[in-house]
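Chain by chain, the residues run as shown.
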Amino acid sequence: MPQVTLKVNGKSHTVEVEGRTLLVELLREKLALTGTHVGCDTSQCGACVVHVDGVSVKSCAMLALQADGTDVLTIEGLAAADGTLHPMQEAFRENHALQCGFCTPGMVMSAIDLVTSHPEGLSENDIRHGLEGNLCRCTGYHNIVKAVAAAWPVMHGKEAVAAE
Amino acid sequence: MNAVFEGIGASVRRKEDLRFINGRGNYTDDINRPNQTHAIIKRSDRPHARILSIDTSAAKAAPGVVAVFTHLDLEAEAIGGVPCGWQIHNKDGSPMAEPMHPVLASGKVRHVGDPIAVVIAETRQQAKDAAELLDIAFEDLPGISSVRDAIKPGAPLVHDDAVSNTCFDWHIGDKALVDAAFARATRIVKLDLINNRLVPNAMEPRAAIGDYDPMSQDYTLYTTSQNPHVIRLLMGAFVLHIPEHRLRVVAPDVGGGFGSKIYHYAEEAIVTWSAGKVKRPVKWTCDRSEAFISDAHGRDHDSVAEMALDAEGNFLALRVSTLCNMGAYLSTFAPAVPTYLSATLLAGVYKTPAIYAEVRAVFTNTVPVDAYRGAGRPESTFLLERLMDVIAHDTGMDRIALRRQNFIPADAFPYQTPVALQYDSGDYQTTLTSALKVADWDGFEARRTKAAAQGKLRGIGVSTYVEACGIAPSKLVGQLGARAGLYEVAQVRVHPTGSVTVFTGTHSHGQGHETTFAQLVSDQLGIPFSQIDIVHGDTNKIPFGMGTYGSRSLAVGGSAMVKAMDKIIVKGKKIAAHLMEASVEDIEFAAGKFSVTGTDKSKTIGEIALTAYVPHNYPIEEIEPGLEETAFYDPANFTFPGGCHICEVEIDQDTGVVQVINFTAVDDVGRIINPMIVEGQIQGGVAQGIGQALLECAIYDEQGQLVNGSFMDYQMPRADDLPNMSVGTETTLCTHNPLGVKGCGEVGAIGSPPAVINAVVDALRNYGVRHVDMPASPQKIWAIINANKLPMAAE
């Protein structure tokens, strides 16, 4: 079987995979990183979003072999070693942006990329459009949108931009 | 001690969040057992066919395959069918038709997704590959998906040994009284309407792991369930014949349920039984496409409603006739949904003096239909609240005035409806008034005019509703056909050093019980929130409870906790009296302290707990050591949350797209423990209601092939489909449970769909539209606009 070498949450791994193995299967089954979830089979729900080389990716839509040589960040690698939460994690908890928690890892990883890639600011509409690739069945998104808006100034070290 | 208030009424941040935001939740598919195998279920790809033969030889010979099982293997061991938990009786008193629901299809397949065989292999991929090698010969039979087709004479029979596709033909209410009222009515308003079929789609797909220990002969099932004890009872007693002390069911973190994870599913029995056969753990995880054809669907009612009115617009009588789709087999609680969970709510918030409803349930070649968030109550609410607006439309009455005039007044409680239920409390005028104010109803016409200037059709709609939840009194539901009790249980264990573990029979799959229940216990026992843990979801840990559905966890499960804590306090008083050499009657308990009345003598609950476990100086002749109590609570009645939802929409005339601009909910859910969690529950429910009204519908072709069975095709609400929501509450207390709580899990999904459609119809008022069935898709709205082209000057 072919081998793939990649870094996940700062740690290097070399793993044997089948050609058809998906990145999410490698993470969940080979590395026991079960925080990244699978909620569909058509790359629609976004529960499996991780960062590959700093960019959010649906890990069900990428072969493990394609991740060879990359640096992957999953939800498990987000908080600091001492347990200090990432501002987006903190904002999700503070704003009750999760209920059953199943979509949360993908939602948090997508939201971080959304905020990082928009240093100019995010309106409520921008956030709603930006999270279109992540399904949540519990919250109605209301509090997720609030959480992302709350995390933006913290992540950019700025005052909150005026709401739209 | 508590620096911050964390008791009843505080928006405490959730205990469960830390593990979820760090990816450390423990969902069923995250669990891997040593030496486990993987199962793939081979399902029917056709709606209705005779199975002529199943050749498993190639699959069995495929790499990594451990075993392949079909119905023949199950029948050899007299494995039972999947049971139904509710029995309805026909108008003539005879029981409903209850055809066999085999665990693996036997003789025929009856819906796309019907399980035929299980392939077990070393890896999931190997099992998948081998399942492709199963050689199954079918003889296709004509299929039917719609209830109207299924009741036609000569329709193909879903179950060969039945005389028709009718499961039951049931009724409630006084037909003669209703007929008499219709005979003297000044006006009769009639409406045909469909409650669209939905796919629940909790984000976590179902999964199950069966495990068997040949030494102890113990079975363990890890499963995505809302009610592990119910699964243990149904599967152990009726399907696999495993004594309950040999069967442990664990429902760990569960990623949403919305009803779809209440039921006992065939896959749970398949993996448990197979684990015993292959003597290794067997794991199955559902794909999303597989979930679309194997999770129980919701709704699918086709109704005719008629209201008889007098000259002043007072309601005289309501007559309803409903056809409902049961799918191919009876799911666990399916027969209860259109009957005792729906028709009994047809009084709604109105003092309609006479009501008669008949419900005919029908088998079709579709996935079984069962309770989905709201379960029957969204159907009756949609019917009534659409009917209200149609009455207003047909009579020219104001839709708010019509409702107010017919409301059950606040001073009429307890109120006995003509359809069995007795509402204990409510105040519908107040929630309506409050919602109208928040939504700025009076300012709407200005907003409509402004929108028209921009080429948009703006509409506003209201829905005033009541629902029955907190299910339910065992005696009552037993009379209504339930084959189980619906009490709840709590075990409160105060540890020697004063921290507390509570074991509850309810199950949390997003509702935040670990937080809300800890707040409740903290409030009642005066023990810090951080010192209280809630345990649920494992039949080897918790006492026998009925689980979570019907917004029952706090009203029933929380009340059981209060009862158990009351016992703790009674015992604590005896210990305190002994320690402080006082009479038990003189001991008061408040804020975590047992005090002697009129003195400064007191003992903390921690000191009492330590004494109970180190009983050196203890009234041992009178009471036992330890401080742990269990209580079962069986409620006296349902609870009756109610309220008012107002929706404002804009329609793009060119595309027919309906956008929800504002959504206001003012709900009465009784006493609130954690306002943040309650708001979140209502927002989530409203999102599902808006989804039903505008986006979602499971579409079958005539024969029974599901046309939109994936997230590519079935339109789930996304962040940019939904508005910001304004959620408020007005409170009347439940009068019959110790906390005065009602329940908040389903109100959002119950109250909202008619508010949305009423707004859509209002927006289209110049197009001659009286009713629009859900979902109000762009295609449907565009067709209405283009069939009735009007100049914008009409505004």
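Keep in mind it's a predicted model, so treat the numbers as computed, not measured.

## Looking at the overall build of chain B
Next up, step 1: Helices and strands together make up the secondary structure of chain B, namely 20 helices and 28 strands.
Next up, step 2: Taking the principal axes of the C-alpha coordinates as reference, chain B spans close to 90 × 75 × 55 Å.
Next up, step 3: Counting every position in chain B, which comprises 795 residues, the buried fraction comes to 57%.
Next up, step 4: Summarising the internal contacts of chain B: among those between residues at least 6 apart in sequence, 81% fall at separations of at least 24.

## What to know about the overall build of chain A
Next up, step 1: The helix and strand inventory of chain A stands at 5 helices and 5 strands.
Next up, step 2: N-terminal to C-terminal, the α/β element order of chain A is β-β-α-β-β-β-α-α-α-α.
Next up, step 3: Each principal axis of the C-alpha distribution contributes one length, and for chain A these read about 55 × 30 × 25 Å.
Next up, step 4: Classification of the 164 residues of chain A by burial places 55% in the buried group.
Next up, step 5: Considering only contacts within chain A whose residues lie at least 6 apart along the sequence, 62% involve residues at least 24 apart.

## Quick notes on the interface of chain A and chain B
Next up, step 1: Each partner contributes residues to the interface: chain A has 44 residues there, and chain B has 42 residues.
Next up, step 2: Those elements giving two or more residues to the side of chain A that touches chain B turn out to be helix 2 (87-94), helix 3 (104-116), helix 4 (124-130) and helix 5 (142-156) of chain A.

## Some thoughts on the sheet that holds strand 2 (residues 49-55) of chain B
Next up, step 1: An order of 4-2-6 (chain B) is seen for the 3 strands of this open sheet, with the pairing classed as antiparallel. Since the sheet does not close on itself, it has two edges, and those belong to strand 4 (108-109) and strand 6 (135-140) of chain B, each with one partner.

## Considerations on the pairing of strand 22 (residues 587-590) of chain B
Residues and elements named next belong to chain B.
Next up, step 1: Covered by surrounding structure in strand 22 are Ile-587 and Phe-589 only, the residues Glu-588 and Ala-590 on the alternate face being uncovered.
Next up, step 2: As judged from the 4 bridges shared by strand 22 and strand 23 (residues 593-596), these two strands associate in the antiparallel manner. Looking at strand 23, one finds that Ile-587 is bridged to Val-596.
Next up, step 3: Taking the residues that link successive antiparallel strands as the turn, the strand 22-strand 23 hairpin has 2 residues, and the phi of Ala-591 there is positive, at about 50 degrees.

## Observations regarding the sheet that holds strand 26 (residues 642-652) of chain B
Residue and element names in this part refer to chain B.
Next up, step 1: Pairing is mixed across the open sheet formed by 4 strands, whose spatial order is 18-26-27-28. Whereas interior strands pair on both sides, the edge strands pair on one side only; in this sheet they are strand 18 (456-466) and strand 28 (725-729). Direction aside, neighbouring strands of the sheet carry axes that sit 10 degrees apart on average.
Next up, step 2: Judged from the 5 bridges that link them, strand 27 (residues 658-668) and strand 28 form a sheet pairing that is parallel. Bridge assignment links Phe-663 to a residue of strand 28, and that residue is Met-725.

## Some remarks on the nonpolar core
The tendency in soluble globular proteins is for nonpolar side chains to be buried side by side.
Next up, step 1: A:Val148, B:Ala39, B:Val119, B:Val521, B:Val756 and B:Val760 are the most contacted members of the largest nonpolar core, which totals 301 residues.
Next up, step 2: If one sorts the elements of this core by residue count, helix 16 (residues 553-579) of chain B sits on top with 11 residues.
Next up, step 3: Residues in contact with B:Val756, not counting those within four places in the same chain, are B:Gly461, B:Cys647, B:Val649, B:Val660, B:Ile690, B:Ala693 and B:Leu694.

## As for helix 7 (residues 228-240) of chain B
All names here are of chain B.
Next up, step 1: The first and last C-alpha atoms of helix 7 sit only 16 Å apart over 13 residues, clearly below the 18 Å expected at 1.5 Å per residue.
Next up, step 2: Counting buried residues along helix 7, 11 of its 13 residues qualify, which places the element largely inside the surrounding structure.
Next up, step 3: Turning to helix 7, its buried residues number three or more, namely Pro-228, His-229, Val-230, Ile-231, Arg-232, Leu-233, Leu-234, Met-235, Gly-236, Val-239 and Leu-240.
Next up, step 4: Of the surrounding secondary structure, the elements contacted by the buried residues of helix 7 are strand 10 (218-223), strand 11 (247-250) and helix 8 (266-278).
Next up, step 5: His-241, located one to two residues past helix 7, shows a positive phi value of around 55 degrees.

## So, the pairing of strand 9 (residues 207-213) of chain B
All names here are of chain B.
Next up, step 1: Buried residues dominate strand 9, accounting for 6 of its 7 residues.
Next up, step 2: When strand 9 meets strand 12 (residues 282-285), the two strands line up antiparallel, connected through 4 bridges. Bridge pairing in strand 12 places Ala-208 opposite Trp-284.
Next up, step 3: As paired elements, strand 9 and strand 10 share 6 bridges and run antiparallel to each other. Within strand 10, the position partnered with Ile-209 by the bridge is Tyr-222.

## A look at the packing of helix 2 of chain A against helix 3 of chain A
All names here are of chain A.
Next up, step 1: Closest axis-to-axis distance for the helix 2/helix 3 pair is 10 Å, and the angle between their directions is 125 degrees. Compared by their axis directions, helix 2 and helix 3 come out oblique. In this structure, helix 2 crosses over helix 3, and the sense of that crossing is right-handed. Of the residues in helix 3, those in contact with Met-88, Gln-89 and Phe-92 of helix 2 are Thr-104, Val-108, Ala-111 and Ile-112.
Next up, step 2: Looking at side-chain class alone, the contact of helix 2 with helix 3 contains 5 nonpolar, 2 polar and no charged residues.

## Here we look at the environment of B:Val494
All names here are of chain B.
Next up, step 1: Among the structural elements, Val-494 can be located in strand 19 (residues 488-494).
Next up, step 2: By the C-beta count within 10 Å, which is 30 here, Val-494 ends up buried.
Next up, step 3: For the pair Val-494 and Gly-481, spaced 13 residues apart in sequence, the C-alpha separation works out to 38 Å.
Next up, step 4: Excluding residues within four positions of it along the chain, Val-494 makes contact with Val-500, Ile-568, Ala-609, Leu-627 and Glu-628.

## Digging into the environment of B:Glu379
All names here are of chain B.
Next up, step 1: Position of Glu-379 relative to the elements: it lies in helix 10 (residues 377-395).
Next up, step 2: The class of Glu-379 is buried, set by 27 C-beta atoms lying within 10 Å.
Next up, step 3: Distance in space between the C-alpha atoms of Glu-379 and Val-282 is 39 Å, their sequence separation being 97 residues.
Next up, step 4: When near neighbours in sequence (up to four residues on either side) are disregarded, Glu-379 contacts Asn-195, Arg-299, His-301 and Ser-342.

## Looking at unusual backbone geometry
All names here are of chain B.
Next up, step 1: Each neighbour pair has its own omega, and for Phe-413 with Pro-414 the value is -5 degrees, a cis peptide bond.
Next up, step 2: If you trace the backbone, Pro-414 turns up in the loop between helix 11 (399-406) and strand 16 (415-416).
Next up, step 3: Note that the residue after Met-774, namely Pro-775, is joined by a cis bond; omega there is -5 degrees.
Next up, step 4: Topologically, Pro-775 is positioned in the loop between helix 19 (747-763) and helix 20 (778-787).
Next up, step 5: Residue Asp-440 is not a glycine yet carries a positive backbone phi of 50 degrees.

## Quick look at the environment of B:Val666
All names here are of chain B.
Next up, step 1: Topologically, Val-666 is positioned in strand 27.
Next up, step 2: Look at Val-666 and you get buried, because 26 C-beta atoms sit within 10 Å.
Next up, step 3: With 233 residues separating them along the chain, Val-666 and Thr-433 place their C-alpha atoms 9.4 Å apart.
Next up, step 4: Not counting chain neighbours up to four residues away, the residues in contact with Val-666 comprise Thr-431, Ser-434, Ala-435, Val-438, Gly-643, Cys-644, Gly-728, Thr-729 and Glu-730.

## Looking at the confidence of the model for chain B
Next up, step 1: The predicted model of chain B has a mean per-residue pLDDT of 96, with 99% of residues at 70 or higher.
Next up, step 2: The ipTM value of the predicted complex is 0.97, and its pTM value is 0.97.

## Comments concerning the packing of helix 10 of chain B against helix 19 of chain B
All names here are of chain B.
Next up, step 1: Where helix 10 meets helix 19, the axes come as close as 8 Å, and the angle between the chain directions of the two elements is 30 degrees. As judged from the angle between their axes, helix 10 and helix 19 are roughly parallel. In this structure, helix 10 meets helix 19 at a crossing whose hand is right-handed. Here Arg-377, Pro-378, Thr-381, Phe-382, Glu-385, Arg-386 and Asp-389 of helix 10 come into contact with helix 19, specifically with Ala-749, Ile-750, Gly-751, Pro-753, Pro-754, Ile-757, Asn-758 and Val-761.
Next up, step 2: When the residues that make up the contact of helix 10 with helix 19 are grouped by side-chain class, the tally is 8 nonpolar, 3 polar and 4 charged.

Definitions and limits used
- Residues numbered from 1 in each chain as written.
- Chains lettered and ligands numbered in written order.
- Predicted model: local features only at pLDDT ≥ 70, side-chain atom pairs only at ≥ 80, totals over all residues.
- Helix = DSSP H or I, 4+ residues; strand = E, 2+ residues; numbered from the N terminus.
- Buried ≥ 20, exposed ≤ 12 C-beta atoms within 10 Å, placed from the backbone.
- Contact = placed C-beta atoms within 7 Å.
- Pairing = 2+ DSSP bridges.
- Axes fitted to C-alpha atoms, helices over the stretch in contact; angles between N-to-C directions.
- Core = buried A, V, L, I, M, F, W, Y, C linked by C-beta atoms within 7 Å.
- Expected span 1.5 Å × (residues − 1).
- Parallel < 35°, antiparallel > 145°, perpendicular 65-115°, else oblique.
- Left-handed = near helix turned anticlockwise from the far one by under 90°.
- Nonpolar A, V, L, I, M, F, W, Y, C, P; charged D, E, K, R; others polar.
- pLDDT = per-residue confidence, 0-100.

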